[in-house]
Amino acid sequence: MKERLQKIIAAAGMASRRQAESWISAGEVTVDGVVAVLGDKADPLRQRILIRGSPLQLRSGSHCYILVNKPVGVMCTRFDPQGRPLIFDLVKEVPGRLVTVGRLDMTTEGAILLTDDGELVHRLAHPRFQVKKTYLVRARGKISPADIRRLEGGLVLEDGPTAPAQVDHVRFGGGHTWLEITLHEGRNRQVRRMLEAVGHPVSRLKRICYAFLPIGDLPSGHYRFLTAKEIARLKNL
Ligand code: URA
């Protein structure tokens with residue numbers, strides 16, 4: 001059955017009706033590849049509706065799941081006494097009380113999941129689940145092969161030894177080493193502390209993949225809704 005687009009988007013829980021109308025007016029909604037205008041109707045079960053590039057996401061149960069590309073300088077806390085930008089400001093139009101799954105430091109950018117599914121947050125944060133996270137790291141100086149082996153094999157931090165990690169794509173240039181590191185644990189400032197422990201402080205840090213969700217070409221400061229398949233996979237981790 002055809003309904004007005006703003007009603008479909010609001011019913012899917014992706015935004016308020018007013019927000020949906022402003023997306024439509026801004027040309028950010030397409031139906032079967034054609035840019036919609038305010039007043040257009042569509043059939044969500046038979047037509048492909050894209051909102052700011054994300055497929056219309058009918059809610060999975062009553063919850064909502066979003067992948068955000070956090071910019072540097074944005075806080076993952078609910079409130080900042082110094083008034084710095086919050087990750088929740090980036091998803092203001094999404095209804096529901098969203099929380100972040102874990103946190104990224106203010107100076108870290110990249111993939112972070114937001115949801116209002118408390119049970120999933122609890123499960124993913126539990127050390128038993130060991131969700132894998134991959135970071136792109138730029139560190140000062142040239143890291144020796146022996147220190148790469150230390151990062152991979154585990155080294156001792158003040159809160160105990162680190163679990164084995166995987167390091168890939170190591171390259172050196174302009175006084176910095178670039179590498180990708182995949183961890184299965186998520187301790188506070190872990191990547192920064194590991195690199196400090198081998199004497200090469202991090203000068204740039206980006207989470208490029210959370211579990212099986214790469215940040216891909218999602219622009220900094222933007223978000224997308226997970227697909228039904230991704231949500232099911234996350235719940236089955
Ligand atoms: N490790 C860090 O050091 N910082 C982050 O934000 C995430 C992982």
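Now for a quick tour of the structure. Every chain is numbered on its own, with residues counted from 1 as its sequence reads. Residues qualify for local features only when their pLDDT is at least 70, as the model is predicted, and side-chain atom pairs are given and counted only at 80 or more; totals for whole chains, interfaces and linings, by contrast, use all residues. Side-chain numbers come from the whole structure's heavy atoms, not from hydrogens or water.

Points about the overall build of the chain
Here a helix means four or more residues in a row that DSSP labels H or I, a strand means two or more in a row labelled E, and each is numbered from the N terminus. The helix and strand inventory of the chain stands at six helices and 17 strands. Throughout this description, buried means an accessible area under 20% of the type-specific maximum (1.4 Å probe, protein chains only), exposed means over 50%, and partly exposed covers the range between. Here the chain, with 237 residues, has 46% of them falling under the buried criterion. Each accessible area is a Shrake-Rupley result for a 1.4 Å probe, and residues are judged covered by the shown protein chains and nothing else. Per element, the accessible surface of the chain, about 12200 Å² overall, is 52% carbon and sulfur. Positive: Lys, Arg. Negative: Asp, Glu. His and the chain ends are not part of the count. Here the site of a charge means NZ on Lys, CZ on Arg, CG on Asp, or CD on Glu. Computing the positive centroid from 37 side-chain charges and the negative centroid from 24, the chain places the two 0 Å apart.

Quick word on the pattern of salt bridges
A pairing counts as a salt bridge when a side-chain nitrogen of Lys or Arg comes within 4 Å of a carboxyl oxygen of Asp or Glu. Counting across every chain of the model gives 13 salt bridges. Residue Asp159 is joined to Arg187 by a salt bridge in which the shortest nitrogen-to-oxygen separation is 2.6 Å. Of the two residues, Asp159 is situated in the loop between strand S11 (156–157) and strand S12 (160–161) and Arg187 in the loop between strand S14 (176–183) and helix H5 (190–197); the sequence distance between them amounts to 28 residues. Taking the relative accessible area as the measure of exposure, Asp159 reaches 41% and is therefore partly exposed.

Quick look at unusual backbone geometry
Positive phi, close to 50°, is recorded for Asp32, a residue that is not glycine. Examined against the element boundaries, Asp32 turns out to sit in the loop between strand S2 (29–31) and strand S3 (34–35). Phi is positive for His169, close to 50°, though the residue is something other than glycine.

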